[in-house]
Amino acid sequence: MIRPSIQTMASGAICLCCSLLGQGSDFTTEELASHEKMVAELKKIEELAPTENFFLGTIGIELERKNLSSLSDSSTVSERFETLSSLAINELNQGLEREAIAHFEEALTLVEGFHEGRPIHNRRVVDTARLLATAYLRLGETENCCASPNPESCIFPLSAAAVHTEREGSEKAIELILHLLNKAAMDQYDRLWLGWLLNIGYMTLGEYPESVPPEWLISLPEESPPGKRTLPDGSAQFPAFHNIAAEKGVDTFSLAGGAAAEDYDGDGDLDLVVSSWHPGKAMNFFENDGTGNFTERDAGFAGIHGGLNLTQADYDNDGDIDLFVTRGAWLGNKGKHPNSLLKNNGKGFFVDVTHHVGLAAPALPTQTSDWIDFDLDGDLDLFIGNENFQNEIGGCQLFRNDGGTFTDIAKEAGIAIRSFVKGVSWGDFNGDRYPDLVLSCMEAPNRLFKNSGDGTFEDVTQMLGPQLPNKRNFPTWFFDYNNDGWLDILICGYASSAPEYANYLLGNSVPQYTQAELYENVDGKKFINSTQKASLLRPMLPMGANFGDLTNNGFPDIYLGTGMPDYDTLVPNLLLINDGGRYYDMTQTGRVGHLQKGHAVVLADFDKDGDLDIFEQMGGALAGDQYYDVLFDNPGFNRNWLAIRLKGVTSDRYGIGCRVSVLLEEPGFPPRWVCQWMNTGGSFGANPLQLHFGLGSAEKPSRLEVFWPKTGKTQVIEMIEANQLLIVEEE
């Protein structure tokens, strides 16, 4: 069977010359030299990946094959079992399911009584059998969802269109899982995990729930048919979203990566850039034709390989939006890969100026960064949250923008934090004009820093209250979830998996370590934990994440891309709809609960129909865990809207950090303000620098206010029509 695979560049230099043909005059000699230097460095990283990249490397297969061939008649059963199992694990990680299955099976034939249905007490044997079941499930995904995808593939709960026609993988997995559940010595956690996979397996065959043994059946919450459940406010039925990525030309098949939507070529519509963390994979540029249809084209990315996350900003205030690429995450000391700052020539063509502007060294492992004018001097500065693995790697970096070149002042500013940072976000939580900073950390306390306004920061983490020790956290952001005009903080936990999700569906309590933490801002003076108040007490496993008003009711909704590197972590991505400050799970009804690994999330109105669509970069970390990106088309909620772009004059060009407030007067309700801050949204995935306001039941906004932090001035606009993109230039 043939399936799509990641294509690598054979010669970055040749491709570079072709790409720059006709574009080089837009860049200086120094900028072009910087680009060539980065291409050479990234080529070396690609060459070292087979031996240095734990997730993608092939060295493990080579070593275990040598170990297997070196076994002799005098080798013990245990030695042969371990060698076969280790080889199978490495083969599975590389996507060689058939080879892995054969070696797992061979290992288990060495276990006396395994195939005769005897009780299994040896933990190593149980783990190997479980991995074999996982390999069969993955085989089913490969031969069905990957080889013959359709818009319904892998959408939970699986519809008839998503049922596997190649049944071997799921049938073998079910048989093995039932054997383990009936005969293996396992704790309740592992039983829940296998029980969850059993239910998924029956779904893939179209036999859920009737064929699931009653003692292992996990029932789903009772809902109306998909697309028929009412909105939380009871105003209308909640419609189903549809995956149109293949139809629109953005269904890239790759591994984990980033995504950033923006008008990169200045033609008035939102283009899309997507990356993969594979060190041999260049980024993709998709040009929007103005109707939401995309064409992939050359944007100068040849040789610019890898990148787990993207974010955009106009770093040089020339009116063209540039890109920043982060690399090296999860790889520890082997992840000291350079990040990339890609300068836009205004036509959607980029060169790598990282070395030229002073952002190349030191190269430290990261996947999270955020832009802001922290010192209010009119240009954008950059904070990078690095992954300090076992205190062996350098701390976080704050690069001050000195008119287009950068200087790291994190140590002087007091925020050169050494922690395993997974998410960063800027926001002025106390309303003093100066942006503050929140860090989400893995197995370490999260951190909150108040900007002192003099180039330094004060650690005010105590404002968040007590934190669980060693809690795993991932995406984070500032946003005004309840529309009270003050920035709240969401920090998503990253410790739950399939058993916690199964437990949640079974009606059991959810451990705190699996939950998000929603910190509600009280008048800029303190934070209170409002996770329960907002109905967010549920297991989450988010990586990619973002927020925006999907229903046009004036409140920010949340979409979370879920997963972990392991193949058996199959949990649906989450859609949480905000109804007046309380969140409701509309994942199943909205038909957006994809089971494949979800990374960068972007909410944007790609087709200019007045509602936000959901783009999600898909695929896992392991070489064999590729999948197609998805684009969920928003069917609309029959409400008015207003889109806002800012044009800074004294402030930075796109007004990042500015507060935009819209006054709504809805029939039968008191007037209310809806407040948003100009940024790219969550910490994993980049929304466009274009705010989208749903107007609820209002016919049009009564008043618009823009607060420009640099000058401290509030700009007021009245007599505004709804359903338009309004560009506000700083007075």
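Per chain, residue numbering runs from 1 following the sequence as it is written. Only residues with pLDDT of at least 70 get local features here, since the model is predicted, and only at 80 or more are side-chain atom pairs given and counted; chain-wide, interface and lining totals rely on the full set of residues. Heavy atoms from the whole structure form the basis of all side-chain values; hydrogens and water molecules are not counted.

**Examining the sheet that holds strand S39 (residues 725-729)**
Note the threshold: In this analysis, strands are considered paired if DSSP registers two or more bridges between them. Numbering of helices and strands starts at the N terminus; helices are DSSP runs of H or I of at least 4 residues and strands are runs of E of at least 2. Convention adopted: a line fitted to C-alpha atoms gives each axis, helices being fitted over their contacting stretch, and angles between N-to-C directions are expressed from 0 to 180 degrees.
Read from one edge of the open sheet, three strands run S36-S33-S39, paired in mixed fashion. Single-partner strands in this sheet number two, and they are strand S36 (691-694) and S39. Ignoring which end each strand starts from, the neighbouring axes of this sheet average 30 degrees apart. Relative to S39, strand S33 (residues 641-647) is paired through five bridges, and the arrangement is parallel. Bridging across to S39, Arg 645 finds its partner in Ile 727.

**Side note on the pairing of strand S26 (residues 574-578)**
Put simply, the rule reads: Note on classification: 1.4 Å probe, protein chains only; a residue is buried when its accessible area is under 20% of the maximum for its type, exposed when over 50%, partly exposed between these limits.
For S26, the buried fraction is high: five of the five residues fall into the buried class. The alternating pattern of S26 places Leu 574, Leu 576 and Asn 578 and Leu 575 and Ile 577 on opposite faces, both of which are buried. Of the strand pairs in this sheet, strand S25 (residues 557-562) and S26 are connected by three bridges, and their pairing is antiparallel. Bridging across to S26, Ile 558 finds its partner in Leu 576. Following S26, the chain reverses through four residues before pairing antiparallel with strand S27 (residues 583-585); Gly 580 in that reversal takes a positive phi of roughly 70 degrees.

**What about the confidence of the model for the protein chain?**
Rules: Per residue, pLDDT captures the predictor's confidence, and it can take any value from 0 to 100. By definition, residues are in contact when any of their heavy atoms lie within 4.5 Å.
The predicted model of the protein chain averages 93 in pLDDT, with 95% of residues at 70 or higher. With pLDDT under 50 throughout, residues 1-18 is counted as low confidence; its partners more than four residues away or in other chains account for 37 contacts. Within the model, pLDDT remains below 50 along residues 223-227, and this stretch shows eleven contacts once partners closer than five positions in the same chain are excluded.

**A closer look at the nonpolar core**
Quick note on the threshold: In this text, buried Ala, Val, Leu, Ile, Met, Phe, Trp, Tyr and Cys residues form a nonpolar core when linked through side-chain atoms within 4.5 Å.
Grouped together as the largest cluster of nonpolar side chains are 113 residues, with contacts concentrated most on Trp 196, Leu 272, Trp 277, Phe 606 and Phe 615. With eleven residues, the top contributor of residues to this core is helix H6 (residues 123-146). Excluding its chain neighbours within four sequence positions, the residues that come into contact with Trp 196 are Phe 156, Ile 218, Ala 498, Tyr 501, Ala 502, Leu 505, Leu 570 and Pro 572. Of all hydrophobic cores here, the second largest spans 78 residues; its members include Tyr 315, Trp 371, Cys 441 and Leu 642.

**Re unusual backbone geometry**
Each neighbour pair has its own omega, and for Phe 156 with Pro 157 the value is -10 degrees, a cis peptide bond. Position of Pro 157 relative to the elements: it lies in the loop between strand S1 (155-156) and helix H7 (168-183). Omega for the peptide link from Ala 361 to Pro 362 comes to -5 degrees, which places this bond in the cis form. By the secondary structure assignment, Pro 362 is in the loop between helix H10 (354-357) and strand S12 (366-372). A positive phi angle is found at Trp 330, which is not glycine, with a value near 70 degrees.

**A short note on the environment of Leu 310**
For Leu 310, the position within the fold is in strand S8 (residues 309-313). For the pair Leu 310 and Thr 326, spaced 16 residues apart in sequence, the C-alpha to C-alpha distance is 6.5 Å. Not counting chain neighbours up to four residues away, the residues in contact with Leu 310 comprise Gly 258, Ala 259, Ala 260, Val 273, Val 274, Ser 275, Met 283, Phe 324, Val 325 and Ala 686.

**Section: helix H4 (residues 77-93)**
For the record, the criterion: What a helix is expected to span follows from its residue count: subtract one and scale by 1.5 Å.
Helix length check: H4, at 17 residues, gives a terminal C-alpha distance of 24 Å against a target of 24 Å (1.5 Å per residue), a fit within 8%. Taken together, the buried positions of H4 are occupied by Phe 81, Thr 83, Leu 84, Ser 85, Leu 87, Ala 88, Glu 91, Leu 92 and Asn 93. Contacts from the buried residues of H4 go to helix H3 (59-70), helix H5 (97-109) and H6. Downstream of H4 by one or two residues, Gly 95 has phi in the positive range, about 85 degrees.

**Let's talk about the environment of Glu 175**
Tracing the chain through its elements places Glu 175 in helix H7. When the C-alpha atoms of Glu 175 and Ser 496 are compared, they prove to be 26 Å apart, with 321 residues separating the residues in sequence.

**What to know about the side chain of Glu 387**
Put simply, the rule reads: Side-chain atoms alone can form a polar contact between residues adjacent in sequence; in general such a contact is a pair of N or O atoms within 3.5 Å, and within protein one must be able to donate a hydrogen while the other accepts it.
Structurally, the position occupied by Glu 387 is in the loop between strand S13 (381-386) and strand S14 (397-401). Relative accessible area serves as the criterion here: at 1%, Glu 387 is assigned to the buried category. In this structure the side chain of Glu 387 is engaged in a polar contact, spanning 2.7 Å, whose partner is the backbone nitrogen of Trp 330. Among the polar contacts listed, one links the side chain of Glu 387 to the side chain of Lys 422, at a separation of 2.6 Å.

**Examining H6**
In this model H6 runs 32 Å from its N-terminal to its C-terminal C-alpha over 24 residues, within 8% of the 34 Å that 1.5 Å per residue would give. Where burial is concerned, most of H6 is hidden: 20 out of the 24 residues are buried. Capping of H6 at its N-terminal end is provided by Asn 122; its side-chain oxygen lies 2.8 Å from the backbone amide nitrogen of Arg 124.

**Remarks on the state of the cysteines**
This is how the line gets drawn: By disulfide we mean two sulfur atoms from cysteines, separated by a distance within 2.5 Å.
What the rule picks out here adds up to zero disulfides. Cys 154 carries a free sulfur, and the closest cysteine sulfur to it, the one in Cys 145, is 3.3 Å from it. Relative accessible area serves as the criterion here: at 6%, Cys 154 is assigned to the buried category. The thiol sulfur of Cys 658 is not disulfide-bonded, and the nearest other cysteine sulfur, from Cys 675, lies at 13 Å.

**Here's the deal with the side chain of His 337**
Position of His 337 relative to the elements: it lies in the loop between strand S9 (322-326) and strand S10 (340-344). Assessed through its relative accessible area of 14%, His 337 is described here as buried. Of the polar contacts made by the side chain of His 337, one reaches the backbone oxygen of Lys 334; its length is 3.0 Å. His 337 has contacts with Ile 45, Arg 327, Gly 328, Leu 331, Ala 363 and Leu 364, leaving out every residue within four places of it along the chain.

**A few points about the layout of surface pockets**
Rolled over the atoms, a probe with the dimensions of a water molecule shows which regions are left empty. Threshold: Note on definitions: the grid is 1 Å and covers protein atoms alone; a cavity is a set of points where a 1.4 Å probe fits but cannot get out; a pocket is an open set with protein on both sides within 12 Å along at least five of seven lines; lining residues have an atom within 4 Å of a point. Grid points are joined across faces, edges and corners, and a volume is the space filled by probe spheres set on the points.
Approximately 490 Å³ is the volume found for the largest pocket. Forming the walls of the largest pocket are 34 residues, and the residues nearest its centre are Leu 612, Gln 676, Gln 690, Leu 691 and His 692. Of all the secondary structure elements, the ones that give two or more residues to the lining of the largest pocket are strand S20 (473-479), strand S24 (542-548), strand S29 (598-604), S33, strand S35 (672-677) and S36. Per-element tally for the lining of the largest pocket: the top contributor is S35, with four residues.

**As for the pairing of strand S38 (residues 713-717)**
Alignment of strand S37 (residues 703-708) against S38, held across five bridges, turns out to be antiparallel. When the sheet's bridge partners are listed, Val 706 is paired in S38 with Gln 715. Counting the residues that bridge the hairpin from S37 to S38 gives four residues, and of these Gly 712 lies at a positive phi of roughly 75 degrees.

**Details of the environment of Gly 712**
Looking at where Gly 712 falls in the secondary structure, it is placed in the loop between S37 and S38. Taking the C-alpha atoms as reference points, Gly 712 and Asn 578, 134 residues apart in sequence, are found 31 Å from one another. In contact with Gly 712, not counting residues within four places along its chain, are Arg 433 and Phe 707.

**With respect to empty space enclosed by the protein**
Keep this limit in mind: Polarity classes work like this: nonpolar for Ala, Val, Leu, Ile, Met, Phe, Trp, Tyr, Cys and Pro, charged for Asp, Glu, Lys and Arg, and polar for all others, with Gly in that last group.
Scanning the model with the defined rule gives eight cavities of 30 Å³ or more in all. Its boundaries defined by the atoms lining it, the largest cavity holds a volume of some 210 Å³. Residue lining of the largest cavity: 22 residues in total, with Ile 372, Ile 656, Gly 657, Cys 658 and Pro 709 positioned closest to the centre. Of all the secondary structure elements, the ones that give two or more residues to the lining of the largest cavity are S12 and strand S16 (421-427). Residues of the lining of the largest cavity, tallied by class, amount to twelve nonpolar, four polar and six charged. As a volume, the second largest cavity reaches approximately 120 Å³. For the second largest cavity, the lining is made up of 13 residues, of which Glu 141, His 164, Ile 200, Thr 204 and Leu 570 are closest to its centre. Looking at the lining of the second largest cavity, the element that brings in the most residues is H6, giving three residues. Considered class by class, the residues forming the lining of the second largest cavity number eight nonpolar, four polar and one charged.

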